[in-house]
Structures are given as structure tokens and as C-alpha cells.
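So you can see what is in the structure, the chains are spelled out below.
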Amino acid sequence: MTQSQKDIALEMKQAMSAGQFDRAAVIGAKILRFHSKRTDIQIMTAVSELQGGSVENAVRRLKNLFNSLPLTDRYFGPVAQNFMQYAYHSNDFSSFESAIRKRLRTAMQKDRLRYMLADVIFQRQLSKSPGLCFAPALSEAIDVLNAIPGTSETFDEAQMLLARIYLYQEKYIQTFSVLEAIVARKPDRLSIRMLLASSYAMAGEVERAVSESLEIIRRKPSASAQPYLIISFMRPQSMPDNAAGLLDAMLDKPDLAKMEHYKAAFARAKIEELKGNMKEAFDFYKLGHRAHRTERPFDMPRELSELERLREMVRSAPVFEDVSSENENGPRPIFIVGMPRSGTTLTERILGAHPDVYAAGEIGDFTKAVIDVVGPDQTSEQLARIDAKAAKKIRQQYLAALEAYAPDRRFVTNKTPANFLRIEMIRRVFPDAPIIHTHRHPLATCLSIYTTPFSMPMRYSDDLAEFADYYRGYVDLMNTCMEADQHGQIYDLSYEDLVSDAEAVAQDYLAHCGLDWHPACLEFYRAGKVAATASMIQVRRPINQDSVEKWQRFEPFIGPLASLADDPYVQQWCAARKSSRRAVAA
């Protein structure tokens, strides 16, 4: 009887399973003294070193493996995957990118490496800005992917990545072209159909998004909750009759992925909402938020502490020398900030209909410029590093990005709602730029956030009591920003005022931005530009008051969130305060 061979890595595997990565790394290093050619142990040692904090050793080991293993070796893929994981978590994409470029110079078979190069370029961009951003490096990624021939084993994977890059750039026509071609070749690849349906939805192509979602459901009803979510958000009356039962079956699966659980619960909520069953609908929304909180935990005390620190930094803001340059001849920035679902999209679309303005949407260029100059970190830590020299660099980089978007316009807007956290940053870099702060009734804002299926859900909204605390923290920060606004840079805009007297209010905030009135501003819905936002359906219609009091349907079920409606401090703050400065840009 043959005795089974001893597993020399057993002790190491046990240490890794127990989370003892320092110990596992030491064991792995000892084994490799005598078994240096065991690639599997090299990989496990590198992983243990990464987890245990011995990053330099891990990177050196992964780089050596990546440079030496044949591309056909069965371990090359895991090595590359772990190298990318290191790059993603450490924000050091340059090491991996350099290693790929080095191999590309001598490799006979380049397609896999081309794909990897494009991927690392794209991931580097996403790490700095998950939203649309001026990114010349992505042109190289697109060229590299287009160089992979249709006969290559990597072709379909490369085309999927190409579609994702186009989608990131909001180049919807190119995205559709790539994905539709793959679907034509491989109609049963539901993951590709799912991305295509999501792309149609992001572009506001309602008919195509719903049609593709229904086709996915027809082919495999239990494949994913995503097509049901798309239909529920874009045209709920098209939901299949048996959708509720199918979604309930998904929700009953104990092994259902948490984000699938989130999507299924939100789709289910929309079904009940359409029937007028508001309590049942709200229960499903709560179910979805619980799943999301499990998937993406959130440290609310830390977040509230960050808001308080930002308030203190606003109060003690330094006075900088002029950070502008003589050669600033391109478009100027307009920032639109506020909580999500507070009217930022409508505000921007009115501005964007003016012939002197380009509405760029939720662009990440300001955040990217800050990261490029002072590094990634919490907003308060980044703000602490912005001196006059850094402010000047950020300003130059951001203005260059705006010129790339629309060189012939006077202004380019940025309507990233979360920039309310960066108001003090913006003022240090652009003391001459208008900032429009939008807000609605607190419960209208909060319930709209709570019931909207964002592609990246707002983690602060998952727990209703914590959500109320966060909203109060936001109010405190904005109050402090307004009090410190000595030069009238901020225009405080009430959504309710805007929809009740659109022309007068719009004229007022356009004047604040240094713009004359133009009649086209109230016909923004006729423009062909898509709003890549949860408000995309609403902003394709004329201004209306349909959503002003929708929140009242859920008021009986919102528990601790209801306290915002009775909070005198919040109520006093809700009244719009017009800026005394009518033009902050020439």
C-alpha cells in the first residue's frame, strides 16, 4: 500500500486559515530555502506577506514570479491576480504597470499582457475617480485593447473591458456597439446582456433597457435581480406578472450575494409601491439596506467626527495669496453641491442649456486633482495638506481638465453632490468660483436617497437613526460654510422654490454665476445630453412639482428619521438664503 505524500505546506496553510499571516510568511520563507521552485508556495508566501504587512517582500516576490514565469504556466494567472490586488489595495499601480510593460517588450504572445496593461491603466483611473474624469491615459488602454485580434482567446474579455472603459467615459454609442456585437455572437452570455441592459439604463435609453432586461428574464428568470431592478426603476408597469414570486424566491436563498439581495429587495419594494402598499414597500427597502450594510460596513462615529473636523477647519481657514495664473484663458468652474436627490441635476441642466455653459455632470476631476497633488486620504487630511503651492497646482490641473471638456465655453459645471464636503477645498483653490448649494425638505431628500437604487448606495443611509445623525452633521457643516462665506461665493438654492417659480429663481442663480438670462434655460429637457444620474427620467421633462411631496407617503414608517421634520434647528436652516454677491465670475 502506497503511503500518501506529506504536504510540506500544511502548517503554513493552517496558519493562513487561522489568520496568522506573519507566522505563515515565516513558515513559507523557511520552506522555500529548500524548495525554491515551488511556485504555489511562493504565491502563498507573498499573500501572507501582504496580509501580514511585509509589503516590500511580497512585491519583490510577486515581481520576480511575474517576470520569470511563462505566460502559459498555470500559476501565471494567480500571480498576476495577486499583483493586481496589491496594486489596488496599496494604490501602487506603477509597479505592476512597469512589470507588464517590461514583459510586453520581449513577449511573443502579447494579447494577455495587452489586456492586463489596459486593465491596470483603467483601475488606476478608477482608484482616483470612480466617476467620469478627463483621463488621456485611457486612450492608450483603448488602443491596446483594439490591437487584440478577433482570433485571440482574449478577444471577448478585452471587448468587455473596452465596453466598461467606454461606459466610464459616458461614450454610450461606442459602449452599445461593442456589447451588441458580443451579444450577437454569444446570445446566451447573460453577464454580457446584463452589462448591456445596465448601459442602456445609464444612458437613459428606457425602451432598450427594459427590452433587454425582459429578454434576460425570459431566458433565465432567476439569473439576477438586476433586470428586475432596471425595470422597476425605469418603467415599473412593464414588470412581469410573476416577478414578485421570483424575487421572493431569490430573497429566500440563504447563499444569495448581499448586493443581489439589495437589488432584489429594492425591485420588490417598487412593486409594492406601485400597488400603493407603502408599509410593505418600506419593509423591503429596509431589507435591502440591511443587506447592503452587511456587505459594506460603515463607521458612523468616524464619519460624524470627520464632519466635525471639517467644520473646525472651515472656521480656522487660512488666507492664501492669489493662486491664479496669468494664462487662465479657458472655461471657468461652477460647482453645484448638496445632498444627493436635492435638486443638483435640475439645477445643472438649467445652467447647461445656456449657450455659455457646458454641463459636465458628476465629474471626478477635482477629486483627482486633489489626489494627484496631496495624495489619497480622508477629506480633512487632504485639506490640511493644501497650502498655497498645492492649491495652485490643483487649480492648474482642474482648469486644464475643464478646457478638455469644452474649450469654447465660458463655464463648465461640476455637479458632484458630495463636493459639499470639499467646499473649503474649493474656496482655497477657486476663491473666484461660484458655488450653488441645493437643498430640499429634509425628509424629501432623505427618503429619496433611501428609496433610490444607486449603483453605489450611500452607506450613511442604511440605518435610519444614523441617517438622521448624518443629515444633522451635513446641516452643521453647511451652516458653518455659509457663516464663513464672507464674499458671497455660495448661492443657497431651495428645490421647492425652483420648481414653484422656475424663471425667477433660475435668473437669480444664473446672475450669481455671472450669466445673463437666456430663454433656452427653461427648455433644458429638449437637449439631447443624457443626465447619468438617478434623476435621468425627471430631467427629460419640463419643470414640475410631481416629486415635491412624495416623501409623505412613507412618513408613517420612517421611525427615527421623522425627528428631522420636527427639529427646529433643521427647520430654521431649510429656508433658502440668497447670496449678497450677484456675480463671482467674469
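The present account deals with the structure reproduced in this document. This is a predicted model, so every value here is computed, not measured.

Rules used in this analysis
Residues numbered from 1 in each chain as written. Predicted model: local features only at pLDDT ≥ 70, side-chain atom pairs only at ≥ 80, totals over all residues. Heavy atoms only, no water. Helix = DSSP H or I, 4+ residues; strand = E, 2+ residues; numbered from the N terminus. Rg over C-alpha atoms; globule rule 2.2 N^0.38 Å. Buried < 20%, exposed > 50% of the residue type's maximum accessible area, 1.4 Å probe, protein only. Contact = heavy atoms within 4.5 Å. Areas by Shrake-Rupley, 256 points an atom, 1.4 Å probe, with all protein chains shown as cover. Lys, Arg positive; Asp, Glu negative; His and termini not counted. Charge placed at Lys NZ, Arg CZ, Asp CG, Glu CD. Polar contact = N/O pair within 3.5 Å; in protein donor to acceptor, adjacent residues only side chain to side chain. Salt bridge = Lys/Arg side-chain N within 4 Å of Asp/Glu carboxyl O. Axes fitted to C-alpha atoms, helices over the stretch in contact; angles between N-to-C directions. Left-handed = near helix turned anticlockwise from the far one by under 90°. Nonpolar A, V, L, I, M, F, W, Y, C, P; charged D, E, K, R; others polar. Core = buried A, V, L, I, M, F, W, Y, C linked by side-chain atoms within 4.5 Å. Parallel < 35°, antiparallel > 145°, perpendicular 65-115°, else oblique. Expected span 1.5 Å × (residues − 1). Arc of directions from axis to C-beta. Pairing = 2+ DSSP bridges.

1. Some points on the overall build of the chain
And step 1. Scanning the chain for helices and strands turns up 28 helices and five strands.
And step 2. For 586 residues, the compact-globule formula gives about 25 Å, and the C-alpha radius of gyration of the chain, at 26 Å, lands near that figure.
And step 3. The C-alpha extent of the chain, read off along each of the three principal axes, is 90 × 65 × 45 Å.
And step 4. Counting every position in the chain, which comprises 586 residues, the buried fraction comes to 53%.
And step 5. Restricting the contact set of the chain to residue pairs at least 6 apart, pairs at least 24 apart contribute 73%.
And step 6. When the accessible surface of the chain is summed, it comes to about 26400 Å², and 49% of that surface belongs to carbon and sulfur atoms.
And step 7. Charge centroids of the chain, computed over 74 positive and 74 negative side chains, lie 7 Å from each other.

2. So, the side chain of T438
And step 1. Among the structural elements, T438 can be located in strand β4 (residues 435-439).
And step 2. A residue is classified by how much of its surface remains accessible, and T438, at 1% relative accessible area, is buried.
And step 3. Within the structure, the side chain of T438 is placed 2.8 Å from the side chain of S342, a separation counted as a polar contact.
And step 4. Those residues in contact with T438 that lie beyond four places of it in its chain are I336, V337, G338, M339, S342, G343, T344, T347, Y474 and L493.

3. Here we look at the pattern of salt bridges
And step 1. Tallying each qualifying case throughout the model produces 39 salt bridges.
And step 2. A salt bridge links K279 to D283; the nearest nitrogen and oxygen atoms lie 3.1 Å apart. Here K279 and its partner D283 are both found in helix α16 (residues 278-295), four residues apart, which amounts to about one turn of the helix.
And step 3. You can call D283 partly exposed: its relative accessible area is 36%.
And step 4. Several salt bridges converge on common partners, so that one network encompasses E97, R101, R124 and E140.

4. With respect to the packing of helix α12 (residues 206-219) against helix α13 (residues 226-234)
And step 1. Closest axis-to-axis distance for the α12/α13 pair is 9 Å, and the angle between their directions is 145°. The chirality of how α12 crosses α13 is left-handed. Contacts from V206, A209, V210, S213, L214, I216 and I217 of α12 reach α13 at P227, Y228, I230, I231 and M234.
And step 2. Taken together, the residues of the contact of α12 with α13 sort by class into eleven nonpolar, one polar and no charged.

5. Some thoughts on the nonpolar core
And step 1. Among the nonpolar cores identified, the biggest contains 151 residues, and F66, F96, F366 and L561 are the most heavily contacted of them.
And step 2. If one sorts the elements of this core by residue count, helix α24 (residues 464-483) sits on top with eleven residues.
And step 3. Setting aside residues no more than four positions away along its own chain, F66 makes contact with F76, V79, A80, F83, F96, A99, I100, R103, L113 and M116.
And step 4. Within the second largest apolar cluster, 21 residues are counted, among which are F411, Y491, A506 and L515.

6. Some points on the packing of helix α8 (residues 137-146) against helix α9 (residues 155-168)
And step 1. Taken N-terminus to C-terminus, the directions of α8 and α9 make an angle of 155°; their axes are 10 Å apart at the nearest point. In terms of axis orientation, α8 runs roughly antiparallel to α9. As α8 runs across α9, the sense of the crossing is left-handed. Listed contacts from α9 to L138, A141, I142, L145 and N146 of α8 are A158, L161, L162, I165, Y166 and Y168.
And step 2. A breakdown of the residues in the contact of α8 with α9 according to their chemical character gives ten nonpolar, one polar and no charged.

7. Description of helix α21 (residues 388-405)
And step 1. Between its terminal C-alpha atoms α21 stretches 26 Å, which fits the 26 Å expected from 18 residues at 1.5 Å a residue.
And step 2. Within α21, the full set of buried residues consists of A390, A391, I394, R395, Y398, L399, A401, L402 and Y405. One side of α21 carries all its buried residues, which in axial view fall inside an arc of 160°.
And step 3. Tucked into the core, α21 has its buried residues touching β1 (332-338), β2 (357-359), α19 (365-374), β3 (411-414) and α22 (423-429).
And step 4. At the N-terminal boundary of α21, the capping side chain belongs to D387, with an oxygen 3.3 Å from the backbone nitrogen of K389.

8. So, the sheet that holds β2
Each strand in a sheet pairs with another by means of backbone hydrogen bonds, the pair being arranged parallel or else antiparallel.
And step 1. Spatial strand order, β2-β3-β1-β4-β5: five strands in an open sheet with parallel pairing. Where the open sheet ends on each side, the last strands, each with one partner, are β2 and β5 (490-494). Direction aside, neighbouring strands of the sheet carry axes that sit 25° apart on average.
And step 2. Bridge analysis of β1 against β4 gives four bridges, and the strand direction is parallel. Residue pairing for β4: F335 is matched across the bridge by I435.
And step 3. Across the sheet, α21 touches β1, β2 and β3, and the angle it forms with β1 is around 100°.
And step 4. Packed on one face of the sheet, helix α26 (residues 502-512) meets β4 and β5 and runs near 165° to β5.

9. Remarks on helix α17 (residues 300-315)
And step 1. With 16 residues, α17 ought to run about 22 Å at 1.5 Å a step, and its terminal C-alpha atoms sit 23 Å apart, in line with that.
And step 2. Every buried residue of α17 is listed here: M300, E303, E306, L307, L310, R311, M313 and V314. The buried residues of α17 occupy an angular sector of 165° when projected down its axis, which confines them to one face.
And step 3. In this structure, the buried residues of α17 make contact with α20 (379-384), α22 and α24.
And step 4. Its side-chain oxygen at 3.2 Å from the backbone nitrogen of R302, D299 defines the N-terminal cap of α17.

10. Things to note about the environment of S324
And step 1. Its location among the elements puts S324 in the loop between α17 and β1.
And step 2. Each C-alpha atom of the pair S324 and D463 lies 43 Å from the other, and the pair is 139 residues apart in sequence.
And step 3. S324 has contacts with K392 and R395, leaving out every residue within four places of it along the chain.
And step 4. In terms of polar contacts, S324 uses its side chain to reach the side chain of D322, at 2.8 Å.

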